[in-house]
Every structure is written in structure tokens, then in C-alpha cells.
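The primary structure of each chain is shown beneath.
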Amino acid sequence: MLKLLGSICVLGGGLLCWLTALAERRRTRTALGDLLAALRRMREEIRMARTPLPLLLEALGSDCRGPETAALFRRSADAARQGEGLEAAWRGGVGLLPLAPREREVLEGLTLRGDEESVCKGISLVITELARGVEELERQRPERDRRTAALCFSGAALLVILLI
């Protein structure tokens, strides 16, 4: 009876491991999608409406779905309003996002100073790179999900065999 209960716990742990990995990838995809939408809006607002950056960052912070993305824009808006280094606040906020190192590096490279044309070009470059990353993640998604499931459940099955 004790071995059966232990086996159920180990299999439950394997299931929990798999669900946690799936949730983390979903969180990353949501953050990337949210960032892309916000950056596209940011580019259009700068280009068409010429909204000042602190107001724009604050508006984007309140409109973002994900808490991490909203925090990035709010933190950057606070830094811009207080006269602190906007770029340093941006880089610090990017470090808190659930992204891969490559996406973080692309976002950290965004320069938010200069004239509107240079800022829009920088945002466009970041949008292009992040969109490419999203496409790659979606292309690899089925294989990654299969590998994760195989790893979690085969590890749990091995532990159950060793337990019995």
C-alpha cells in the first residue's frame, strides 16, 4: 500500500513538472505577444500622435495584459517622470521579464532617446526581431511540448520502477 501511494505521488510530481513547464512557456509567449502589441502601439503613437514618452509609457503600462510587461512600462514611465535614466530603468525592467536571453538582449538594446525617427527605427528593429523569435517559438512548440512530456513522465516512471 505504501509503494502504491509513493508511486501515485511520484507520478503526480511528474505531472506537476510537466504542467509547470507548459505554464512557464505560456507565460513567455504571453509576455512576448504583449510586448509586441505595446511596442507597435508605441511606434504608432510616437510617429502619428507625437505623444510624449513619459505619458506614452504610462498609458502602455496601464493597457498591458501581463503584469511583468505592465511593470516594465510603468517603471520606465516613473523613471522618465523623475528625470532618472530611462534607459537604465528600461534595462532593469527587461531583466524581470520571463524571456529567453536572446529576446532580453534585443529589448535591452532599444534606445529611447533621440529624435522620433531614430526611436521609431529602433522600435521597428526590436519588433522585427521579437516577431522572428515568436515565430521560432511557435514553430518549435510541438516538439518542445513532446520532449518536456517525455522527460517528465519517463523520469517519473523510472522513479516508480525504482520505488517498486
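These numbers were taken from a predicted model, which means no experiment stands behind them. (Residues numbered from 1 in each chain as written. Predicted model: local features only at pLDDT ≥ 70, side-chain atom pairs only at ≥ 80, totals over all residues. Heavy atoms only, no water.)

**Structural notes on the nonpolar core**
Of all hydrophobic cores here, the largest spans 33 residues; its most connected members are Leu39, Met42, Phe73, Trp90 and Leu107. Elements represented by at least two residues in this core include exactly helix H1 (2-49), helix H2 (53-63), helix H3 (67-81), helix H4 (86-94), helix H5 (101-108) and helix H6 (116-163). Contacts of Phe73, omitting those with residues within four sequence positions, involve Leu35, Ala38, Met42, Leu57, Leu60, Gly61, Cys64 and Trp90. (Core = buried A, V, L, I, M, F, W, Y, C linked by side-chain atoms within 4.5 Å. Buried < 20%, exposed > 50% of the residue type's maximum accessible area, 1.4 Å probe, protein only. Helix = DSSP H or I, 4+ residues; strand = E, 2+ residues; numbered from the N terminus. Contact = heavy atoms within 4.5 Å.)

**Describing the pattern of salt bridges**
Inspection of every chain in the model, using the stated rule, returns 20 salt bridges. Of the charged contacts, one joins Arg41 and Asp63 as a salt bridge, the two residues approaching to 2.3 Å between their closest N and O atoms. Linking Arg41 in helix H1 with Asp63 in helix H2, this pair joins segments that are 22 residues apart in sequence. A relative accessible area of 30% means that Arg41 is categorised as partly exposed. A salt bridge links Glu138 to Arg141, with the shortest nitrogen-to-oxygen separation between them at 3.4 Å. Residue Glu138 and its partner Arg141 are both found in helix H6; the two are separated by three residues, about one turn of the helix. With relative accessibility at 36%, the residue Glu138 sits in the partly exposed group. Here the residues in one salt-bridge network are Arg102, Glu103, Glu129 and Arg132, joined through shared partners. (Salt bridge = Lys/Arg side-chain N within 4 Å of Asp/Glu carboxyl O.)

**Details of H5**
Residues of H5 that are buried: Glu103, Val106 and Leu107. Looking straight down H5, one finds its buried side chains confined to an arc of 95 degrees; they lie on one side. Opposite the buried face of H5, at more than 90 degrees from it, the exposed residues are Pro101 and Glu105. Considering only its buried residues, H5 is in contact with H1, H4 and H6. (Arc of directions from axis to C-beta.)

Worth remembering: the numbers are spatial, not functional.
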